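Coordinate analysis (summary)
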Amino acid sequence: MTAFQRPVRACLVALMTLCMVSSGLAQTPKPLKLIVPFPAGGTADVLPRLLAEKMRAQFPAGVVVENKAGAGGNIGAEFVYRAEPDGSTVLASPPGPVAINHHLYKKLSFDPTRWQAITVMATVPNVLAVSPKVPAKNLAELIVYLKANPGKVSYASQGNGSTSHLTASMFMQLTGTEMIHVPYKGTAPALVDLMAGTVDVFFDNLSSSMQFHLAGKLRIFAVADDQRSKALPQVLTFAEQKLPTMNAVTFFSLMAPPGTSAAMISTIYKSVSEALAHPEIRQKFAEQGAEPRGWSPEQTSKFVRDESEKWHTVIKSSNVSLD
């Protein structure tokens, strides 16, 4: 090798090494981030954390759950919406940012109709929870009591525009009753005041209210789902009590940013489906009052569209707006 060839060869080797390192970095897998647009501790946070434990085997870089709360879930949703559509950042969300908020806010910084559906992890039915201080002993008696006291009975919600608020609006429309809305900042303070008798009624999700119903601290009169809950089978559905269209479930979905490839969506969906098949996961979901689902991306898209249309009708009829 000549004196001229040696430095040329050294440069070529260095260039090839740099290319190999760069290529390796480019191919280094990212962790899968499940962004929960609500605070830690609630059902929306617990369910994806349970799944993440079982999904890590298929994602070598790990599965991470992050909370980005605020503005009714819109802050976390926008973060995911604007993320690189490479399948590394996914929204783990209840209905608000997916099917409801665009009917409540005149302007959003993301378009919920463009989410790439992955699956619905689980559904939890909303329930009619009543303070022990309310004299009614069942749903029929409560409706009679409400009609005899229009505008005097109060109902709590998790906040303006929340599913508990909208479910109460649906109930009043269907029964021709009128209650006073008392919005709270979340489920916990609403439940505290319900059990204390400060408010009378709360359309909560089953997972939050079930333990207090079993302890006798509040009473659940009805389940807003097609079938009775396996977690609370003794409580009748609204349909069994002559309100067949009173259906309101909280669903917990996984959504990818617009532009995410079908292959990546399929990979995440397959991982979730396998995780949901574990008896341990199904048992832990049941403890949360959640029914595991694992619907396909196509089923999820249709379900979310139907839910969006349903809540849009309720919102329009009730003149609910957050702007």
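Higher on the page you've got the structure.
Now for a look at the structure at hand. (Residues numbered from 1 in each chain as written. Predicted model: local features only at pLDDT ≥ 70, side-chain atom pairs only at ≥ 80, totals over all residues. Heavy atoms only, no water.)

To continue, consider the overall build of the chain. When helices and strands are tallied, the chain shows eleven helices and ten strands. Dimensions of the chain, computed from the C-alpha atoms along their principal axes, are close to 105 × 45 × 35 Å. Contacts spanning at least 24 positions in sequence make up 77% of the contacts within the chain whose residues lie at least 6 apart. Summing over all exposed atoms, the chain offers an accessible surface of approximately 15,200 Å²; the carbon and sulfur share of this is 57%. Taking the average location of the 30 positive side-chain charges in the chain and that of its 24 negative ones, the two points are 3 Å from each other. (Helix = DSSP H or I, 4+ residues; strand = E, 2+ residues; numbered from the N terminus. Contact = heavy atoms within 4.5 Å. Areas by Shrake-Rupley, 256 points an atom, 1.4 Å probe, with all protein chains shown as cover. Lys, Arg positive; Asp, Glu negative; His and termini not counted. Charge placed at Lys NZ, Arg CZ, Asp CG, Glu CD.)

A separate point is the environment of Thr237. Within the element layout of this structure, Thr237 appears in the loop between β8 (219-223) and β9 (249-256). In this structure the C-alpha to C-alpha distance between Thr237 and Phe221, which are 16 residues apart in sequence, comes to 8.5 Å. Sequence-distant contacts of Thr237, that is, excluding residues within four places in its chain, are made with Ala222, Val223, Asp225, Asp226, Gln227 and Arg228.

It is worth spelling out the pattern of salt bridges at this point. Scanning the entire structure with this criterion turns up twelve salt bridges. One salt bridge in this structure joins Arg228 and Glu240, with 3.0 Å as the shortest N-O distance. Within this pair, whereas Arg228 is found in the loop between β8 and β9, its partner Glu240 is found in the loop between β8 and β9, the two being separated by twelve residues in sequence. Across the pair Lys230 and Glu291 runs a salt bridge whose closest N-O atoms are separated by 3.4 Å. Remark: Glu291 occurs in strand β10 (residues 291-292) and Lys230 occurs in the loop between β8 and β9; sequence separation between them is 61 residues. One salt-bridge network, held together by shared partners, links Lys54, Glu280 and Lys284. (Salt bridge = Lys/Arg side-chain N within 4 Å of Asp/Glu carboxyl O.)

On to the nonpolar core. Residues Leu128, Leu139, Phe171, Met179, Phe203 and Phe238 are the most contacted members of the largest nonpolar core, which totals 48 residues. Beyond its immediate chain neighbours, meaning those up to four positions away, Leu128 contacts Leu139, Leu142, Val201, Phe202, Phe203, Arg219, Ile220, Phe221, Ala222 and Phe238. Counting residues in hydrophobic clusters, the runner-up holds 45 residues, among them Leu206, Ala256, Leu276 and Phe285. (Core = buried A, V, L, I, M, F, W, Y, C linked by side-chain atoms within 4.5 Å. Buried < 20%, exposed > 50% of the residue type's maximum accessible area, 1.4 Å probe, protein only.)

Notably, Lys242 is not glycine yet its phi reads approximately 70°, a positive angle. A relative accessible area of 77% places Lys242 in the exposed class. Its identity as a non-glycine residue notwithstanding, Asn319 has a phi of 55°, on the positive side. Structurally, Asn319 is set in the segment after α11 (297-318). Residue class for Asn319 comes out exposed when judged on its relative accessible area of 69%.

Moving on: the pairing of strand β1 (residues 32-36). Counting buried positions along β1 gives four out of five residues, so the element sits mostly inside the fold. Alignment of β1 against strand β2 (residues 63-67), held across five bridges, turns out to be parallel. Bridged to Leu32 within β2 is Val63. A crossover links β1 with its parallel partner β2, the connecting element being helix α2 (residues 43-55), and its sense is right-handed. With three bridges joining them, β1 and strand β3 (residues 89-93) adopt parallel strand pairing. When the bridges of β3 are listed, Leu34 appears paired with Val90. (Pairing = 2+ DSSP bridges. Right-handed = clockwise from strand over helix to strand, strands pointing away.)

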